[in-house]
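Chain residues, written in single-letter form:
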Amino acid sequence: MSNDLHEANRLSWNAATVAHNSHKGDQAAFFRAGGSTLYPEEIELLGDMTGLDLLHLQCNSGQDSLSLARLGARVTGVDISDEAIAFATRLSEESGIAARFERADLFQWFDGARASGRRFDRVFASYGTICWLSDLGIWARGIADVLRPGGRFAFIEFHPFAMVFGPSWQLHYDYAPREPVAETGVGDYVADSGAGLAAAGYQQGVVGFTNPHPSFEFNWGIADVIQALIDAGLRVERLTEYPYSNGWVGFEGMRDLGGRRMAPPATMPSLPLMYAIAASKPGSEAGGRAVASAAPMTIRPWRPEEGDRLLAIWLAASRIGHPFLGEARLVEQQQVVRDTYLPMADNWVAEIDGKVVGFIGLIESFIGGLFVDPDIRGSGIGRALVEDAAARLGQLEVSVYADNQAAVDFYRRRGFVETARKETDDEGLPFAVIDMVRNA
């Protein structure tokens, strides 16, 4: 029965994908110009991907896959839709960003990958994926089987609680129903979301799309997902809920909080619209990267010969915090950091087991930059660097991109308060900047 429903969904997705891409303009030109469709939440979950093998499950038309490849990963994308994989393959060729795309029902793909011994350092899935899968146990075991020991699974999805509502926020559906939900077909949610899901700029494209093929959804609760991953032998390391959805305008009256983060109307209470999970396969860390441990941390002034290490941390962390700037601009800024900011700043590094894992650059009491190796982010390194600076300097100031919500929240938790907001950054680009201060 489930195979028949998966096949129905394949036909429905083939039809909808044509409509979806009709609204997204010249996507190859967007990527050639350095564009990315990723959000900070996804990049933070994945960590530094440079030189790693990454499997992108249910990759759709490959836009996120190519964005991940641009960050240094060797990407394989898998999707059930013939139309999506054909589009992704063309987009890879026309954009000049290398990635591999394979058309298959995911469960069958896992069987083939298992038989041929394929392995990956990272597995990634995002936004509207598991609702098309009839069995989470097969899904989770497949992920565990293709991950290398120490590999990481990063998952971000729309919150199942939000799925109890109809378009007008009326209670309509059961939470995580046990039976598949029959729908009239995959709709044109890109048209409904406008610029929210068209990073290159929204175009009208197909008007009044009606899908000729019905579809069937399998709505899973968070407990279903977590338990499936645990049963598959993965170690769940993180569960985060977000009171907004990235890009998707799924209900009436949604408002943009900035950075294409869509929230319920201001008249409604806050509720979770998205969640993220990070899980790992027990074993050695993929790629030989350092892992946070109980080893003591040393904070000390930097040494000029450590410049290359600091620049590598800067770029990896900036890709997570500032993806909206685009890869080309980040690479340009890295040269400015090397030639101008590192020499002029008072730089202090955090060192664990003889390896620099983060640094803070100070210009008197102003934090010009705070960057931590993404692979051990969340281990208290940034907090330690800030507290060390505060102990030496007293009052601290910082300017943060408003779209880097994780950084804004980090500084607020450290006692910083907003003092001003500018609508452009120091280069005059249209990215809002928040000035903050923490008094001694």
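Residues numbered from 1 in each chain as written. Predicted model: local features only at pLDDT ≥ 70, side-chain atom pairs only at ≥ 80, totals over all residues. Heavy atoms only, no water.

This part covers the sheet that holds strand β18 (residues 417-422). Pairing in this open sheet of seven strands is mixed, and the strands run β13-β14-β15-β16-β17-β19-β18 from one edge to the other. Bordering the open sheet on either side are β13 (297-301) and β18, each of which pairs with just one other strand. Adjacent strand axes in the sheet meet at a mean angle of 25° when their direction is disregarded. Bridge count between strand β17 (residues 396-401) and strand β19 (residues 433-438): six bridges; the pairing is antiparallel. Within β19, the residue paired with glutamate 397 across the bridge is valine 437. Here helix α12 (residues 381-393) sits on the sheet and contacts β13, β14 (346-352), β15 (355-363), β16 (366-372), β17 and β19; the angle it forms with β15, its principal contact strand, is near 40°. (Pairing = 2+ DSSP bridges. Helix = DSSP H or I, 4+ residues; strand = E, 2+ residues; numbered from the N terminus. Axes fitted to C-alpha atoms, helices over the stretch in contact; angles between N-to-C directions. Contact = heavy atoms within 4.5 Å.)

Right, let's talk about the sheet that holds strand β1 (residues 53-57) for a bit. The seven strands are arranged β3-β2-β1-β4-β5-β12-β8 in an open sheet whose pairing can be described as mixed. In the strand order of this sheet, the two ends are held by β3 (100-103) and β8 (235-242), each with one partner. Between one strand axis and the next, the sheet turns by 15° as a mean value, whatever way the strands run. With four bridges joining them, strand β2 (residues 74-79) and β3 adopt parallel strand pairing. Bridge pairing in β3 places valine 78 opposite glutamate 102.

The next point concerns the confidence of the model for the chain. Chain-level pLDDT for the chain is 90 on average; 96% of the residues reach the 70-or-more range. For residues 285-294, every residue scores under 50 in pLDDT, and the model assigns this stretch 22 contacts once sequence neighbours within four places are set aside. (pLDDT = per-residue confidence, 0-100.)

As enumerated under the stated definition, the model contains 25 aromatic pairs in all. Here the aromatic rings of phenylalanine 165 and tryptophan 169 are separated by 5.6 Å at their centres, their planes lie at 65°, and the arrangement is edge-to-face. Look at tryptophan 169 and you get buried, because its relative accessible area is 12%. Cation over ring: arginine 392 sits above tryptophan 348, and NZ or CZ is 3.7 Å from the ring centre. Cation over ring: arginine 414 sits above phenylalanine 410, and NZ or CZ is 5.4 Å from the ring centre. (Phe/Tyr/Trp six-rings, centres within 6.5 Å; stacked < 30°, edge-to-face > 60°. Buried < 20%, exposed > 50% of the residue type's maximum accessible area, 1.4 Å probe, protein only. Lys NZ or Arg CZ within 6 Å of the ring centre and 35° of its normal.)

Okay, the pattern of salt bridges next. Under the defined criterion, the tally for this structure stands at 27 salt bridges. Measuring nitrogen to oxygen at the nearest pair gives 3.2 Å for the salt bridge that ties arginine 178 to aspartate 224. Note that arginine 178 is positioned in the loop between β5 (147-158) and β6 (181-183) and aspartate 224 in helix α9 (residues 222-231), a separation of 46 residues in sequence. Given a relative accessible area of 58%, arginine 178 falls into the exposed group. Between arginine 414 and glutamate 387 there is a salt bridge, with its nearest N and O atoms 4.0 Å apart. (Salt bridge = Lys/Arg side-chain N within 4 Å of Asp/Glu carboxyl O.)

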